[in-house]
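Secondary and tertiary structure notes
Single-letter residue listing:
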Amino acid sequence: MSELDQTPDEPTTSPDEPQWARFDAMAQTTEALAAAQAAIAEGRCIVLPTDTVYGIGANAFSAEAVQGLLDAKHRGRDMPPPVLVAETGMLEALADELPSHAIRLAEAFWPGALTLIVPAQKYLRMDLGETRGTIAVRVPDHDFTRDLLRRTGPLAVSSANVSGQEASTDIDEALRQLGDSVAVYLDAGATAGPTPSTIIDFVSEPLGRIVRMGALGIDQLREVDPFLVWEDEPSAEPKPDLAPDAEDEAPAS
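1. Section: the environment of lysine 73
The topology assignment puts lysine 73 in helix H2 (residues 63-73). Judged by its relative accessible area of 0%, lysine 73 is buried. Along the chain, lysine 73 and serine 159 lie 86 residues apart, while their C-alpha atoms are 8.8 Å from each other. Once residues lying within four places of it in the same chain are set aside, the contact partners of lysine 73 are Ile56, Ser158, Ser159, Asn161, Val162 and Ser163.

Dropping the structure here:
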């Protein structure tokens with residue numbers, strides 16, 4: 001038989017087969033880390049566990065990868081994703097003119113459920129969307145994910161869900177929502193969610209303004225930064241209606 005008569009090789013995969021891989025992050029740690037690192041290097045998205053909810057992550061230094069993340073979530077560039085890093089010391093590498101209160105909060109609550117919005121380094125080569133010169137940074141309290149971040153460097157990470165849907169607290173829900181838009185799913189069991197991280201903005205308010213209350217409460221935060229502004233803070237309990245001058249009366253014995 002001549003070469004012209006030979007039948008071409010059949011495709012190795014069916015169009016109906018999933019285009020993603022799933023790993024047990026605890027039982028297949030080595031394989032999971034290697035696969036996730038490779039996907040990030042190729043500019044693809046992964047789903048990874050955090051200490052709050054599952055996140056969808058991409059190479060923070062690749063504009064194309066970040067756009068893939070936004071596309072997977074059906075989100076515009078007007079909602080740029082935060083950046084996850086492995087160590088608290090990375091904050092100074094990403095941010096410029098850090099307020100002292102931001103540093104204190106990072107030292108007190110990282111790793112943990114706290115996201116800080118700070119001025120981005122002027123020459124930082126990240127295109128995360130319409131950030132207006134800011135960057136949101138967090139160190140997650142999850143050993144596996146911090147190990148991954150040490151291998152990949154900073155990752156742009158947003159909650160693993162389509163915009164408008166509930167954040168995923170298990171890998172099956174993330175897979176249902178994001179499907180083939182993600183290359184690698186890293187399953188570490190149910191997360192502690194659904195409450196997300198608390199977000200504090202140090203750009204619009206140098207002393208810190210809470211823009212989303214999350215897993216860290218106001219009392220915890222004000223032990224470190226007593227000057228935090230929270231515009232949605234509940235007001236004091238209203239006093240009952242009293243007759244004129246009744247408040248000046250002595251209480252009954």
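2. So, the sheet that holds strand E10 (residues 209-212)
One open sheet accounts for ten strands, arranged E1-E8-E2-E3-E7-E4-E6-E5-E9-E10; its pairing is mixed. Each end of this open sheet is capped by a strand with a single partner; those strands are strand E1 (21-24) and E10. As paired elements, strand E2 (residues 46-48) and strand E8 (residues 184-187) share two bridges and run parallel to each other. Residue pairing for E8: valine 47 is matched across the bridge by tyrosine 185. Each of strand E3 (55-59) and strand E7 (155-159) touches H2; the most contacted strand, E3, lies at about 155° to it. Docked against the sheet, helix H6 (residues 171-178) engages E1, E2, E3 and E8, running at close to 160° with respect to E8.

3. Focus: the environment of arginine 151
Here arginine 151 lies in helix H5 (residues 143-152). As for arginine 151 and alanine 36, which are separated by 115 residues in sequence, their C-alpha atoms are 9.7 Å apart. What arginine 151 contacts, discounting residues up to four positions off in sequence, is Leu33 and Gln37.

Criteria and cut-off values
Residues numbered from 1 in each chain as written. Predicted model: local features only at pLDDT ≥ 70, side-chain atom pairs only at ≥ 80, totals over all residues. Heavy atoms only, no water. Helix = DSSP H or I, 4+ residues; strand = E, 2+ residues; numbered from the N terminus. Buried < 20%, exposed > 50% of the residue type's maximum accessible area, 1.4 Å probe, protein only. Contact = heavy atoms within 4.5 Å. Pairing = 2+ DSSP bridges. Axes fitted to C-alpha atoms, helices over the stretch in contact; angles between N-to-C directions.

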